[in-house]
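What follows is each chain in one-letter form.
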Amino acid sequence: MGSSGRARRQDAGPPAEGGPQDAEGCERLVRLASRGDQDAWRALVELYGRRVFALAKSRVRRADVAEEVTQSVFLTVATKLTEGSYEERGRFESWLFRVAMNRVRDEIRRARRRHEGEDNGTISRVVADERTAGPERWETDRLRSAIEELGDADREVIELRHHGQVAFKEIAAMLDEPVGTVLARHHRALGKLRAILERDEASLGKHDG
Amino acid sequence: MDETRMNESHEEQQVVLALDALGREERASAPHDLPDQVVLATRGVIDSATPAPIAMPVAGRWARVGLGLAAAVVVASAAWLTLGSLRAGSPIEADVVLVSTLDEDIETWELLDGSLGVGGDSEFALLAEAIDGASAGIDLSADEMFEASGAL
């Protein structure tokens with residue numbers, strides 16, 4: 001009951017804002033991991049691994065690349081922790097996701113350089129491969145396409161919040177902006193997504209009609 | 001709240017729910033063994049961390065005070081030893097020590113020379129030259145020193 005309850009809570013969407021118990025527990029794990037405690041390190045990886053993966057996959061669209069990015073992010077984090085250069089006490093989550101976002105941006109830049117001069121066919125093919133038939137998949141794919149149409153700043157907030165399950169407070173710390181600004185940007189991004197989805201729906205309606 | 005705003009709010013809520021579902025799907029698409037892979041890839045790094053000393057949190061402030069005092073004693077001792085060795089190691093004092101040692105040996109040699117008839121004028125001259133050189137502050141090579149002591 002306990003474990004299924006916890007699994008439900010983890011998957012029920014973004015976490016509640018500012019859970020002090022979680023933050024303390026997390027910092028304790030960070031402290032132990034930085035002293036070489038493998039169990040504490042595993043607990044951190046279990047806690048954040050899939051969230052970092054989801055964030056990366058939303059951007060790079062390839063599971064294998066997202067996996068590489070995730071490993072690279074945790075390697076950076078482990079190195080910084082053990083060499084004592086982690087100085088953001090109480091801000092592990094925002095620090096981790098800042099490392100993740102930087103790594104994702106690097107990967108996107110690299111992919112763009114690789115595909116410069118090409119017809120961008122590889123990325124399109126990969127996306128097409130992942131999109132399978134079926135009405136529920138169709139809805140998901142429409143949403144993915146709509147997210148891709150957002151500007152970088154809006155997209156980052158959406159992906160951090162809904163893929164990475166990062167609290168607004170942590171996003172604000174990451175981006176070094178007031179929480180109000182982040183909330184406003186999230187609200188604006190939702191409005192844009194809604195507009196894009198409505199436009200697509202109208203366009204489909206026209207074709208069908 | 002007017003009807004338009006209520007509709008907007010409802011539609012945005014739908015988008016939020018759809019985004020949460022998408023995020024959940026992406027997280028679930030991570031390989032089952034992702035944590036194992038990450039832990040394996042980072043094991044060496046975490047193992048290389050220096051474990052924190054256990055005594056420090058237990059003994060607390062007094063342990064830190066004690067360690068501070070111990071460190072101060074070590075530093076003071078090192079400084080005292082360094083100064084002492086500098087004094088003992090000065091070239092002038094070394095020469096004086098050499099000369100005094102040779103003086104004692106000359107007396108011994110003179111005694112031996114008188115009783116057993118060993119030694120000779122040339123060896124004594126060489127030894128006297130060594131004493132003169134040392135007392136005048138002239139450095140003698142290792143060979144010269146060996147030769148001089150051999151004369152005894």
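Calculation rules
Residues numbered from 1 in each chain as written. Chains lettered and ligands numbered in written order. Predicted model: local features only at pLDDT ≥ 70, side-chain atom pairs only at ≥ 80, totals over all residues. Heavy atoms only, no water. Helix = DSSP H or I, 4+ residues; strand = E, 2+ residues; numbered from the N terminus. Contact = heavy atoms within 4.5 Å. Areas by Shrake-Rupley, 256 points an atom, 1.4 Å probe, with all protein chains shown as cover. Core = buried A, V, L, I, M, F, W, Y, C linked by side-chain atoms within 4.5 Å. Buried < 20%, exposed > 50% of the residue type's maximum accessible area, 1.4 Å probe, protein only. 1 Å grid on protein atoms, 1.4 Å probe; cavity = no way out; pocket = protein on both sides within 12 Å on 5 of 7 lines; lining within 4 Å. Points joined across faces, edges and corners; volume = space filled by probe spheres on them. Nonpolar A, V, L, I, M, F, W, Y, C, P; charged D, E, K, R; others polar. Axes fitted to C-alpha atoms, helices over the stretch in contact; angles between N-to-C directions. Left-handed = near helix turned anticlockwise from the far one by under 90°. Lys, Arg positive; Asp, Glu negative; His and termini not counted. Salt bridge = Lys/Arg side-chain N within 4 Å of Asp/Glu carboxyl O. Patch = residues over 30% accessible without salt bridge, like charges linked within 9 Å, V, L, I, M, F, W, Y side chains within 5 Å. Charge placed at Lys NZ, Arg CZ, Asp CG, Glu CD. Phe/Tyr/Trp six-rings, centres within 6.5 Å; stacked < 30°, edge-to-face > 60°. Buried area = accessible area lost by both parts, 1.4 Å probe. Polar contact = N/O pair within 3.5 Å; in protein donor to acceptor, adjacent residues only side chain to side chain. Parallel < 35°, antiparallel > 145°, perpendicular 65-115°, else oblique.

All right, on to the overall build of chain B then. Scanning chain B for helices and strands turns up six helices and zero strands. Listing the helices and strands of chain B from first to last along the sequence gives α-α-α-α-α-α. Counting contacts in chain B only where the partners sit at least 6 residues apart, residues at least 24 apart contribute 48% of the total. Accessible surface, chain B as shown: approximately 10500 Å² in total, 63% of it carbon and sulfur.

A separate point is the nonpolar core. Residue and element names in this part refer to chain A. In this structure, Trp41, Leu44, Val77, Phe92, Leu96 and Phe97 are the most contacted members of the largest nonpolar core, which totals 47 residues. Not counting chain neighbours up to four residues away, the residues in contact with phenylalanine 97 comprise Tyr48, Arg51, Val52, Leu55, Leu160, Gly164, Val166 and Met174. Membership of the second largest hydrophobic core comes to 14 residues, among which are Ala146, Ile158, Ala189 and Leu190.

Empty space among the atoms can be located by rolling a probe the size of a water molecule over them. All names here are of chain A. Under the definition given, this model contains one cavity of 30 Å³ or more. For the largest cavity, the calculated volume is near 40 Å³. Of all the elements, helix α7 (residues 135-149) adds the most residues to the lining of the largest cavity, at three residues. Broken down by class, the residue content of the lining of the largest cavity amounts to two nonpolar, two polar and four charged.

The next thing to look at is the packing of helix α4 (residues 63-82) of chain A against helix α2 (residues 34-47) of chain B. Running from N to C, α4(A) and α2(B) point in directions that differ by 35 degrees, and their axes come no closer than 9 Å. The interaxial crossing formed by α4(A) with α2(B) has right-handed handedness. Contact with α4(A), carried on its side by A:Glu67, A:Thr70, A:Gln71, A:Phe74, A:Leu75, A:Ala78, A:Thr79 and A:Thr82, involves B:Leu34, B:Gln37, B:Val38, B:Ala41, B:Thr42, B:Val45 and B:Ile46 of α2(B) and no other residues of that element. Here the residues of the contact of α4(A) with α2(B) are counted per class, giving eight nonpolar, six polar and one charged.

A word on the side chain of B:Glu12. With respect to the helices and strands, the residue B:Glu12 is situated in helix α1 (residues 3-28). For the buried B:Glu12, no salt bridge is present, and the opposite-charge side chain at shortest range is A:Arg194, 4.0 Å distant.

Attention now moves to a positive patch on the surface. Taken together, the side chains of A:Arg28, A:Arg31, A:Arg35 and A:Arg89 present a region of like positive charge at the surface. With a relative accessible area of 44%, A:Arg31 lands in the partly exposed category.

What follows deals with the side chain of B:Glu26. In this fold, B:Glu26 is placed in helix α1. Accessibility expressed as a relative area gives 1% for B:Glu26, which makes it buried. In contact with B:Glu26, not counting residues within four places along its chain, are A:Phe53, A:Ala54, A:Lys57, A:Ser58, A:Arg61, A:Arg144 and A:His163.

Attention now moves to the packing of aromatic side chains. Residues and elements named next belong to chain A. Scanning the entire structure with this criterion turns up six aromatic pairs over all chains. Look at tryptophan 41 and phenylalanine 74: their rings are 6.0 Å apart centre to centre, the planes differ by 75 degrees, and that puts the pair in the edge-to-face class. Of the two residues, tryptophan 41 is situated in helix α3 (residues 38-60) and phenylalanine 74 in helix α4; the sequence distance between them amounts to 33 residues. Tryptophan 41 gets classed as buried once you look at its relative accessible area, which sits at 0%.

With that settled, consider the interface of chain B and chain A. Between chain B and chain A, the residue contacts involve 34 residues of the former and 47 residues of the latter. Here chain B and chain A share an interface that buries about 3600 Å² over both sides, 62% of which is from carbon and sulfur atoms. When the area that chain B buries against chain A is broken down by residue, the three leading residues are B:Glu26, B:Arg27 and B:Ile46, summing to 20%. Where B:Glu11 meets A:Arg194, a salt bridge forms, and the shortest distance between an N and an O atom there is 3.1 Å. Taken together, the links from chain B to chain A amount to 17 residue pairs in polar contact (both at pLDDT 80 or more). Going through the elements one at a time, α1 and α2 of chain B are the ones with two or more residues in the side of chain B that touches chain A. Sort the elements by how many residues they give to the side of chain B that touches chain A and α1(B) lands first, with 14 residues. Looking at the side of chain B that touches chain A residue by residue, the class counts come to 17 nonpolar, six polar and eleven charged.

Before going further, it helps to spend a moment on the packing of helix α5 (residues 92-115) of chain A against helix α9 (residues 168-175) of chain A. Residues and elements named next belong to chain A. Where α5 meets α9, the axes come as close as 9 Å, and the angle between the chain directions of the two elements is 60 degrees. Looking at the two axes, α5 sits oblique to α9. In terms of crossing hand, the pair formed by α5 and α9 is right-handed. Along its contact with α5, which presents Glu93, Ser94, Phe97, Arg98 and Met101, the element α9 presents Glu170, Ala173 and Met174.

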